[in-house]
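Tertiary structure, described
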Amino acid sequence: MFENKMQNLPITMTKCPTMRDAIYGLAIGDAMGVPWEFTPRGSFCVTDMTGYGTYGQPAGTWSDDTALTLATCYSIKHRGCIDLADILNCFRNWLYKAQFTATGEVFDVGSTTRIAIGRGEGESDEQSNGNGSLMRIIPLAFVKDIKEQEIAAVSALTHAHRLSTDACILYVNIARQLIQKVPLQLIYRNIALPSSDFEWIRSIDTWLESEIKSSGYVLDTLQASLWVLANSDSFYEAILKAVNLGDDTDTVGAVTGALAGIIYGYQSIPEIWMSQLQNRDLIEECLF
Ligand SMILES: [Mg+2]
């Protein structure tokens, strides 16, 4: 007698997180934060997608964080590997030709990124540890068998100091474990640290909001994002909490949003936010 073994399978299969979850999460977090960049914590309260503000952009406009992330995706997709020269070329196409932008306009360019792209070499001094490589590194979590030295090299296209390259390595490794469905608390407790500069991750979930800075310094942004994820129960809550920390709102939103997208999934992004997101065709074109 024929036995239908399919009947023994669970009705709903657990979906493995994909690049779509992460990139849309990042773009939404970026766009939510753009109008509020540099606004001090406590002086505003975001409850929905808004427009204008800091850069005068319409609602749903994402910034350099998403543009450089898409440029990286595009290069990896078309080259089939990590080709540093090609990624740099895509960055130049963004900065000088406005490719990979939401509305055809380049805005919110960090000084380290601008200088490094111009001269073709990342900045390596201690002052050049803004969050400009952390905000664009998430695509590497979806590259099979990615090596830590490759993550460091992609960071170093603009941000070559060890603190920035290590932050990118840790962030990508966290993303890779989340993709494998490892619980966030276990990751924070057990993940291998690139250096003692990152010991704080063991207890970041217990910090008070007043201990969290949300500046453009790479460690502040990473701490803010990992704290938000540990203190949220949904994509919606994570993004609003991240942006409402103030200061570097778009990048804290983007760095948080990519991981929140992996944790909660593309389907968890509120439809009203997705419907306002600019240039979704470009995002679709760059996914691999
Ligand atoms: Mg930005």
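Residues numbered from 1 in each chain as written. Predicted model: local features only at pLDDT ≥ 70, side-chain atom pairs only at ≥ 80, totals over all residues. Heavy atoms only, no water.

Section: the coordination of the magnesium ion
Every protein donor of the magnesium ion is accounted for by S63 (OG), D64 (OD), D65 (OD), D108 (OD) and D250 (OD), and the metal-donor separations fall at 1.9 to 2.4 Å. When the donors of the magnesium ion are listed by position in the chain, the intervening gaps give S-D-D-x42-D-x141-D. One end of the pair, D64, is in helix 2 (residues 64-79); the other, D250, is in helix 10 (residues 249-264), with 186 residues separating them in the sequence. Comparing D64 with D250 shows no difference in burial state: the two are buried. (Donors = N, O, S within 2.8 Å, 3.2 Å for Na, K, Ca; no water. Helix = DSSP H or I, 4+ residues; strand = E, 2+ residues; numbered from the N terminus. Buried < 20%, exposed > 50% of the residue type's maximum accessible area, 1.4 Å probe, protein only.)

Details of the packing of aromatic side chains
We describe a pair of aromatic rings using the distance from one ring centre to the other and the angle between the two ring planes. Counting across every chain of the model gives 6 aromatic pairs. Between Y24 and Y266, the aromatic rings sit 5.1 Å apart at their centres with planes inclined by 70°, giving edge-to-face as the arrangement. Here the residue Y24 occupies a position in helix 1 (residues 19-33), and Y266 occupies one in the loop between helix 10 and helix 11 (271-274), the gap between them amounting to 242 residues. Measuring from centroid to centroid gives 6.2 Å for F198 and W200, while their planes differ by 45°, and the two rings are tilted. Cation over ring: R20 sits above Y266, and NZ or CZ is 5.6 Å from the ring centre. (Phe/Tyr/Trp six-rings, centres within 6.5 Å; stacked < 30°, edge-to-face > 60°. Lys NZ or Arg CZ within 6 Å of the ring centre and 35° of its normal.)

So, unusual backbone geometry
Note on backbone geometry: most residues besides glycine have negative phi, and most peptide bonds are trans. Its identity as a non-glycine residue notwithstanding, Y52 has a phi of 65°, on the positive side. Position of Y52 relative to the elements: it lies in the loop between helix 1 and helix 2. Take Y52: its relative accessible area is 52%, and that puts it in the exposed class. Its identity as a non-glycine residue notwithstanding, D108 has a phi of 65°, on the positive side. Looking at the secondary structure, you find D108 in the loop between helix 3 (84-97) and helix 4 (111-119). For D108, a relative accessible area of 14% puts it in the buried group.

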